[in-house]
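Report on the structure
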Amino acid sequence: MCGIVGYIGNRDAFPILIKGLKRLEYRGYDSAGVALLNGDLALYKKAGKVSELEKITNGQKLSANIGIGHTRWATHGEPNDNNAHPHISQSGNLAIIHNGIIENYASIKAELEKRGYKFSSDTDTEVLINLIEEVRQKDTPILEDAVRVALNQVVGAYAIVVIDKNNPDQLVAARKGSPLVIGVGDNEFFIASDASPIIEYTKNVVYLDDQEYAVVNRDGSFTVKTLANIKMTPAIQELEMSLEMIEKGGFEHFMLKEIYEQPKVIADCLRGRMNAQQGWIKLGGLSEYINRIDNAKRFLISACGTSWHSGLIGEYLIEDLARVPVEVEYASEFRYRNPIINEDDVVIAISQSGETADTLAAIGLAKQHRALIYGICNVIGSSIARASHAGSYTHAGPEIGVASTKAFSTQITILTLIALQIAQEKGTISTSKLREILYELENIPKKIEEVLKLDSQIKELAEIYKDAHNFLYLGRGYNFPVALEGALKLKEISYIHAEGYPAAEMKHGPIALIDEDMPVVFLATNQSAYEKIVSNIQEVKARKGKIIAVVHKGDTEIKKLADHVIEVPETEEVLSPLVSIVPLQLLAYHIAIFRGCNVDQPRNLAKSVTVE
Ligand code: G6P
């Protein structure tokens, strides 16, 4: 959470910082601020989005070629102007931007207070900058040394950039647990939480590792050291991202663009990894550890949010096709409940951002127990990708909308390939069945294109139900996790209360909620449970609930019962989530738009959750 950006070079820093902060707003948008150094250290900060910050700086000539900026997702202290970053040290000489949490800030604060420090915000960050100042005054005049010594006293997670009023030729950045990328230009440096603020200016980047810090200088030199003061040789990597990938491309919102990108990104995700005609699947990461994976006694899947939902689908796929037991865990529960993890377990960690703190910590725990870690991440070079022994990237491209869409479908695509490759290795699937599924998988992008053509029909439905107070989403088998994900999409972006449930479980509780005001979305595309789901629809109809059913094209039986049907193309049952999720994404999107919500940046949420 929180986005940070820093610049040093010959350009005007302010527009670079503002543009960068807007690109990072998906990480939080409770407040925004910049500090610019041009003789004086000028500070501008404001509660609300970056656009609010722009309002207060409008018309002012803010020239500086070194500065830092921050967009906040509040943890310590409410999201007001005062708590907005950057924070300044007591002397006014140092400023800091920070993404993360300093867990022992209270005891450090108490110590500093004893030494006469006064604090004007409720944040842990103001404590950190004053600790750096204290070390600098007491132990060393050199800023990088003071930062290192201070960080060695801190418990928690951080990505920080520090600027010194008396040294306009240098920025010091450090990370532990929160991401940080340094763009290396021609005698200039860009520092940011991810590459999106950098891509426009340079493709050369250095990803800082955990417990490392960097000093970047105006003369183009830079050093990377560990917090134990060991000098590192940083690897400069080339970014694969392009500018258009992070722009809206004619769509009104990133979320809609990303929903529409699904056919393309699923095709990208499959490319080179399977061939239906020749009947092969080859995930590089899987092949590398194939013996260990084939002999795994169990798979544990650990993830959060939407990625956890794709993990549930992974459980169905791997157990169904490869016949290996799977357990799916919320990373936040897994890491704290003393789970049993064995050396012959494979832990699959799923994360769009590759930075989710709980998922990363779950990996750490599993590694201590010597399990093999397989990461499924979207962001290349992210912490989870790097902490895994092996893995597969989803290749969905940057996902900017806070509500995850294309990342979800590509995660399922990878999980399908994993299940099929293991099934093939183990002989738990016949050659003919494998080919059928692979042919169908190749066809999925076209089938999603067909679903996208239903957009205007779904928009009409959204208008009818936009004022509902509750929604219920019901599905069976492969469509149960889809029901969970459909409900999550709706509540995240429209703020309508929604619950996903296994259709048969409805009888054990949610049925009590059903009346004529309750829309119930049924996922009825799985052939194996068709009759059962028809009975569940009858049960809702008998209680006057409004039925919206996602069915196969040409369905006749449910059409007679439902108030509305959304007809999607038929596919293999194991692939049905890839098709049936799309109308639910569109429904949530249109309902949120009708309700005037900010779909790309829903209130209180952030895309990358780097706090526990
Ligand atoms: C946040 C996002 C969700 C995402 C979840 C897990 O809550 O808003 O869209 O599913 O984090 O994130 P990850 O990056 O690990 O998939």
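These notes cover the structure that comes with them.

Calculation criteria
- Residues numbered from 1 in each chain as written.
- Predicted model: local features only at pLDDT ≥ 70, side-chain atom pairs only at ≥ 80, totals over all residues.
- Heavy atoms only, no water.
- Helix = DSSP H or I, 4+ residues; strand = E, 2+ residues; numbered from the N terminus.
- Rg over C-alpha atoms; globule rule 2.2 N^0.38 Å.
- Buried < 20%, exposed > 50% of the residue type's maximum accessible area, 1.4 Å probe, protein only.
- Contact = heavy atoms within 4.5 Å.
- Areas by Shrake-Rupley, 256 points an atom, 1.4 Å probe, with all protein chains shown as cover.
- Lys, Arg positive; Asp, Glu negative; His and termini not counted.
- Charge placed at Lys NZ, Arg CZ, Asp CG, Glu CD.
- Axes fitted to C-alpha atoms, helices over the stretch in contact; angles between N-to-C directions.
- Parallel < 35°, antiparallel > 145°, perpendicular 65-115°, else oblique.
- Left-handed = near helix turned anticlockwise from the far one by under 90°.
- Nonpolar A, V, L, I, M, F, W, Y, C, P; charged D, E, K, R; others polar.
- Pairing = 2+ DSSP bridges.
- Right-handed = clockwise from strand over helix to strand, strands pointing away.
- Arc of directions from axis to C-beta.
- Near = heavy atom within 4 Å.
- Polar contact = N/O pair within 3.5 Å; in protein donor to acceptor, adjacent residues only side chain to side chain.
- Phe/Tyr/Trp six-rings, centres within 6.5 Å; stacked < 30°, edge-to-face > 60°.

Considering the overall build of the protein
- Looking only at helices and strands, the protein has 20 helices and 27 strands in total.
- In summary, the protein has a C-alpha radius of gyration of 25 Å against a globular reference of 25 Å for 612 residues, a match within 12%.
- Residues classed as buried in the protein amount to 62% of the 612 residues present.
- Taking all contacts inside the protein whose residues are at least 6 apart in sequence as the whole, residues at least 24 apart take part in 72%.
- Of the roughly 22800 Å² of accessible surface on the protein, a fraction of 47% belongs to carbon and sulfur atoms.
- Computed over 64 positive and 79 negative side-chain charges, the inter-centroid distance for the protein is 0 Å.

Quick look at the environment of Ser 382
- Relative to the elements of secondary structure, Ser 382 occurs in the loop between strand E21 (372-377) and helix H13 (383-387).
- Residues Ser 382 and Tyr 207, 175 residues apart in the sequence, show an inter-C-alpha distance of 8.7 Å.
- In contact with Ser 382, other than residues within four places in its own chain, are Ser 353, Gly 354, Glu 355 and Cys 377.

Let's talk about the packing of helix H4 (residues 124-138) against helix H5 (residues 143-151)
- As a packed pair, H4 and H5 sit with axes 8 Å apart at the nearest point and diverge in direction by 120°. It follows that H4 is oblique to H5 by the angle criterion. The two elements H4 and H5 cross, and the hand of that crossing is right-handed. Along the contact surface, H4 presents Leu 128, Leu 131, Ile 132, Val 135 and Arg 136, while H5 presents Leu 143, Ala 146, Val 147, Val 149, Ala 150 and Leu 151.
- Looking at the contact of H4 with H5 residue by residue, the class counts come to 10 nonpolar, no polar and one charged.

Some thoughts on unusual backbone geometry
- The linkage connecting His 85 with the following residue, Pro 86, adopts the cis geometry, with an omega of 0°.
- Following the sequence through the fold, Pro 86 ends up in the loop between strand E4 (66-72) and strand E5 (87-88).
- The phi dihedral of Asn 229 falls on the positive side, at around 70°, and the residue is not glycine.
- Tracing the chain through its elements places Asn 229 in the loop between strand E13 (222-226) and strand E14 (231-232).
- On the accessibility criterion, Asn 229 (38% relative accessible area) is partly exposed.
- You will see that Asn 604, though not glycine, has its phi angle at about 65°, which is positive.
- Mapping Asn 604 onto the fold places it in the segment after helix H20 (576-594).

Details of the pairing of strand E23 (residues 470-475)
- Across the six residues of E23, five count as buried, placing the element largely inside the fold.
- Alignment of E23 against strand E24 (residues 497-502), held across six bridges, turns out to be parallel. Counterpart to Asn 470 in the pairing with E24 is His 497.
- Following the chain from E23 across helix H17 (residues 479-494) to the adjacent parallel E24, one finds a crossover that is right-handed.
- As paired elements, E23 and strand E25 (residues 519-523) share four bridges and run parallel to each other. The residue of E25 that forms the bridge with Leu 474 is Phe 522.

Observations concerning helix H16 (residues 455-465)
- Of the residues making up H16, those classed as buried are Asp 455, Ile 458, Leu 461, Ala 462 and Tyr 465. Down the axis, H16 shows its buried residues gathered within 120° of arc, on one side only. Turned more than 90 degrees away from the buried face of H16, the exposed residues are Ser 456, Glu 460 and Ile 464.

Some words on the site of the ligand
- The local shell around the ligand holds 13 residues, among which Ser 307, Ser 351, Gln 352, Ser 353 and Thr 356 are the closest.
- Within the side chain of Ser 351, one N or O atom sits 2.6 Å away from an oxygen atom of the ligand.
- The backbone of Gln 352 places a nitrogen or oxygen atom 2.7 Å from an oxygen atom of the ligand.
- Look at the ligand: alone it shows 390 Å² of surface, and the protein chains cover 91% of it.
- No other element matches helix H10 (residues 305-322), which puts three residues into the shell around the ligand.
- Split into classes, the residues belonging to the shell around the ligand amount to four nonpolar, eight polar and one charged.

Examining the packing of aromatic side chains
- Inspection of the entire model under this criterion finds eight aromatic pairs.
- Taken together, a centroid distance of 5.0 Å and an interplanar angle of 50° make the contact between Tyr 7 and Phe 190 tilted. With Tyr 7 in strand E1 (residues 3-8) and Phe 190 in strand E10 (residues 189-192), this residue pair connects regions lying 183 residues apart in the sequence. One exposure class covers both Tyr 7 and Phe 190, and it is buried.

Remarks on the sheet that holds strand E6 (residues 94-102)
- Overall, antiparallel pairing links the seven strands, which are arranged E5-E6-E7-E8-E12-E13-E14 in an open sheet. Every other strand in the sheet has two partners, leaving E5 and E14 as the edge strands with one partner each.
- Bridging between strand E12 (residues 212-217) and E13 involves five bridges; their strand directions are antiparallel. Paired with Tyr 213 across the two strands is Lys 225, which belongs to E13.
- Where H4 meets the sheet, it contacts E5, E6 and strand E7 (156-164), and its direction lies at approximately 125° from that of E6.

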